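Read off the chains here:
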Amino acid sequence: MDSLMERAAPCPAAQAGSVLLPALHLPLLPPHLYRPATSHEHKLNFRKSKEACLTYIQDAMLQKQWKRAAEFLTFYIESLEKDFSTEYMGPSEMIWRIGTEILCHHSYSSMKDFNSFIEQMKTLGVKRYLKVCLEHAFHLLCNGQTDEAYQNLSLAESWRFGEQTTAQDKELKLIQAYRGLLDYYSWSKQKNVLLEYGTKGTSKVQSTNDKEGFEDLSVEQEMHSSFRKAAVNLKEIIQIPGVWDVFVKCYVDFLKRHGEPKKSLISVLKILHDIVPSHELMIDFNTMLQKSKKRKKRRLGLEVIFAALDYAGWKENVKAWSCLARQVKQIIISEKHLDWIKQEWNSRKDWWPAFHFSRYLAKRNWQENESLAYEKALVAGILLGKDCKYFKYVSHQGCKDQKKRLRTLKKFVNKHSPVYLRISGLSDSSVQT
């Protein structure tokens, strides 16, 4: 940062610690901002001067005048060093935020400048140390310095100072999550290397070339080490309430490609379902559960897909409706576990009809996606009966080729209409929606 400021400043800057700084004649600054002042006078005008200087910095940044912004920031820092070295001030976060933004855009800025500046910022305030470390890691990653970012996160994760606050605990969890993500990245890269070697013939571990075999074995050991570290971090993270989408997706992919048993996958996805029931991986979760021979897991599968369809983002998800239609149909045909459907429907029967099964939606769904309309019509017919507006509209649509499929739909719903009565608890089939 110092080297950058030297290049940026149009006139000589004062050395830190001097009693009276030489005048720093920056463009557009009023005299009282750079003229040497007595301690008493400066104390009276400091707040006004600081606010004015920050206004100039903001104006320069908004106009993308990074050199000019750097000049003003240099003056701002020097003013603080000059007059308030013995009094408490808390400008470090402001300097960190402004300085980072300038260094990211300044034409003379380099990674060396950025790293030097960030290291200084880490020592300015204990409370924001972890935040600065996170931002440093992001900047390194954006510049392709993955190993350096990982090292930075590892050091930050081991950092401790005094009694840990709630905010610091959350920041540590974030650092842990990103370190786990980089372990996953390392594992994935190493696995791809081994797969590439595998396509060229037999494993190099069995090669007559001892050197190549040793290198391959080393990569494999490193890959397993990355897997273990990532698995520990990511498994712990996803149990904490919050939106961890990118981490969970990597963890699940991780377990699949590593050949972990389905039990482990189901355990992870169950945690995700409890935290984010609308997550896109819920379809995969439902599919796994439906393939299980255990009744408890198949029951959970029905709960998972119903819960996902409670969210507006899933309203037109064909795969989700297909999953629900298939499971409902299986239950109806087997005539077992109708109570599962009833339990799920009881909490939704007051709002799902308008949310999913109106005539307007039937018309729109049919126009935009016939497959979606068909799957929804099957579910609607079972849950709301053959007089449901959605089911009636869809079942009367279609050209000659589609009529056969729709007749099959009508026949199924009509045949199993008593199921609707059992699910709804009604005795009068004339009830319409």
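Residues numbered from 1 in each chain as written. Predicted model: local features only at pLDDT ≥ 70, side-chain atom pairs only at ≥ 80, totals over all residues. Heavy atoms only, no water.

1. What about the overall build of the protein?
For the record, the criterion: Every helix listed is a DSSP run of H or I at least four residues long, and every strand listed is a run of E at least two residues long, numbered separately from the N terminus. By the convention used here, residues are in contact when the closest approach between their heavy atoms is within 4.5 Å. Only the protein chains shown count as covering a residue, and every accessible area follows the Shrake-Rupley method with a 1.4 Å probe.
Helix and strand counts for the protein come out as 21 helices and zero strands. In the protein, of all internal contacts separated by at least 6 residues, the share reaching a separation of at least 24 is 63%. Here the protein displays about 23,800 Å² of accessible surface, and carbon together with sulfur accounts for 52% of that area.

2. Topic: the side chain of Asn233
Threshold: The cut-offs for exposure are 20% and 50% of the maximum accessible area for each residue type, with area from a 1.4 Å probe on protein chains only; residues under the lower value are buried, those over the upper are exposed, and the others partly exposed.
Relative to the helices and strands, Asn233 is located in helix α9 (residues 210-237). The buried category is assigned to Asn233, whose relative accessible area is 5%. Excluding residues within four positions of it along the chain, Asn233 makes contact with Glu157, Gln176, Arg179, Gly180 and Asp183.

3. Focus: the confidence of the model for the protein
To keep things clear, this is the line we draw: The quantity known as pLDDT measures the predictor's confidence residue by residue, on a range of 0 to 100.
When the pLDDT values of the protein are averaged, the result is 78; 78% of them are 70 or greater. This model gives residues 427-433 a pLDDT under 50, and the stretch forms 11 contacts once residues within four places in sequence are excluded.

4. As for the environment of Phe306
Its location among the elements puts Phe306 in helix α13 (residues 295-308). Each C-alpha atom of the pair Phe306 and Cys323 lies 9.8 Å from the other, and the pair is 17 residues apart in sequence. When neighbours within four sequence positions are excluded, Phe306 is seen to be in contact with Leu324, Glu344, Arg348, Trp352 and Leu383.

5. Concerning the packing of aromatic side chains
Heads up, the condition is: Working definition: a ring pair exists when centres of Phe, Tyr or Trp rings (six-membered ring for Trp) sit within 6.5 Å. Plane angles under 30 degrees give stacked, over 60 give edge-to-face, the rest tilted.
Tallied over the full model, the rule gives 16 aromatic pairs. Consider the rings of Trp187 and Phe254, whose centres lie 4.6 Å apart with planes at 80°: the pair is edge-to-face. Linking Trp187 in helix α8 (residues 166-198) with Phe254 in helix α10 (residues 245-257), this pair joins segments that are 67 residues apart in sequence. Its relative accessible area of 0% is what places Trp187 among the buried residues.

6. Re the environment of Glu370
Of note, Glu370 is situated in helix α18 (residues 370-384). Between the C-alpha atoms of Glu370 and Val318, which are 52 residues apart in sequence, the distance is 9.8 Å.

7. A word on the packing of helix α4 (residues 92-105) against helix α5 (residues 111-124)
Two quantities define a packed helix pair, namely the angle between the axes and the distance from one axis to the other. Applicable threshold: Angles shown run from 0 to 180 degrees and are taken between the N-to-C directions of axes, each axis being a line fitted to C-alpha atoms and, for helices, limited to the stretch in contact. When describing relative orientation, an angle under 35 degrees is termed roughly parallel and one over 145 degrees roughly antiparallel, while 65 to 115 degrees is termed roughly perpendicular and anything else oblique. Residues were grouped as follows: Ala, Val, Leu, Ile, Met, Phe, Trp, Tyr, Cys and Pro as nonpolar; Asp, Glu, Lys and Arg as charged; and all remaining residues, including Gly, as polar.
Interhelical geometry of α4 versus α5 gives an angle of 170° and a closest axis separation of 10 Å. If you check the angle between α4 and α5, you find them roughly antiparallel. For the pair α4 and α5, contact is made by Ser92, Ile95, Trp96, Gly99, Thr100, Leu103 and Cys104 and by Asp113, Phe114, Phe117, Ile118, Met121 and Leu124, respectively. Here the residues of the contact of α4 with α5 are counted per class, giving nine nonpolar, three polar and one charged.

8. Digging into the pattern of salt bridges
Keep this limit in mind: When a carboxyl oxygen of Asp or Glu is within 4 Å of a side-chain nitrogen of Lys or Arg, the pair counts as a salt bridge.
Summed over the entire model, instances satisfying the criterion amount to 13 salt bridges. The salt bridge involving Lys249 is made with Glu280; its shortest N-O contact spans 3.2 Å. Here Lys249, found in helix α10, pairs with Glu280, found in the loop between α11 (262-275) and α12 (282-290); they are 31 residues apart in sequence, far enough to count as distant. Owing to a relative accessible area of 39%, Lys249 belongs among the partly exposed residues under this scheme. Between Lys270 and Asp274 there is a salt bridge, with its nearest N and O atoms 2.9 Å apart. Pair noted here: Lys270 and Asp274 are both in helix α11, with a separation of four residues, about one helical turn.

9. Some points on the nonpolar core
We count it as follows: The criterion is simple. A nonpolar core is a set of buried Ala, Val, Leu, Ile, Met, Phe, Trp, Tyr and Cys residues joined through side-chain atoms within 4.5 Å.
Residues Leu324, Ile341, Phe357, Tyr390 and Val394 are the most contacted members of the largest nonpolar core, which totals 79 residues. Among the elements that line this core, the one with the most residues is α18, at 10 residues. Once residues lying within four places of it in the same chain are set aside, the contact partners of Val394 are Ala362, Trp366, Ala373, Ala377 and Leu406. Judged by nonpolar contacts, the second largest core, of 23 residues, contains Ile57, Ala60, Ile118 and Met121.

10. Notes on helix α15 (residues 338-346)
Our working rule: Arc, as used here, means the arc of the directions from the helix axis to the C-beta atoms.
If you check which residues of α15 are buried, you get Leu338, Trp340, Ile341, Glu344 and Trp345. Buried residues of α15, seen end-on, are gathered within an arc of 155° and therefore sit on one face of the element.

11. Re the packing of helix α14 (residues 318-334) against α15
At a minimum axis separation of 9 Å, α14 and α15 run at an interaxial angle of 135°. When the interaxial angle is binned, α14 and α15 end up oblique. Between α14 and α15, the contacting residues are Val328, Ile331 and Ile332 on the first element and Leu338, Trp340 and Ile341 on the second. Each residue belonging to the contact of α14 with α15 can be placed in one class, and the counts come to six nonpolar, no polar and no charged.

12. What about the state of the cysteines?
As a reminder of what qualifies: In this description, the term disulfide denotes a pair of cysteine sulfurs within 2.5 Å.
One pass over the structure, following the stated rule, counts zero disulfides. The structure places no disulfide on Cys142, whose sulfur is separated from the nearest cysteine sulfur, that of Cys104, by 8.5 Å.

13. Quick notes on α4
Residues three or four positions apart in an α-helix share a direction because the helix packs 3.6 residues into each turn. We apply this condition: The length a helix should cover is 1.5 Å for every residue beyond the first.
With 14 residues, α4 ought to run about 20 Å at 1.5 Å a step, and its terminal C-alpha atoms sit 20 Å apart, in line with that. Within α4, burial applies to Ser92, Ile95, Trp96, Ile98, Gly99, Thr100, Ile102 and Leu103.

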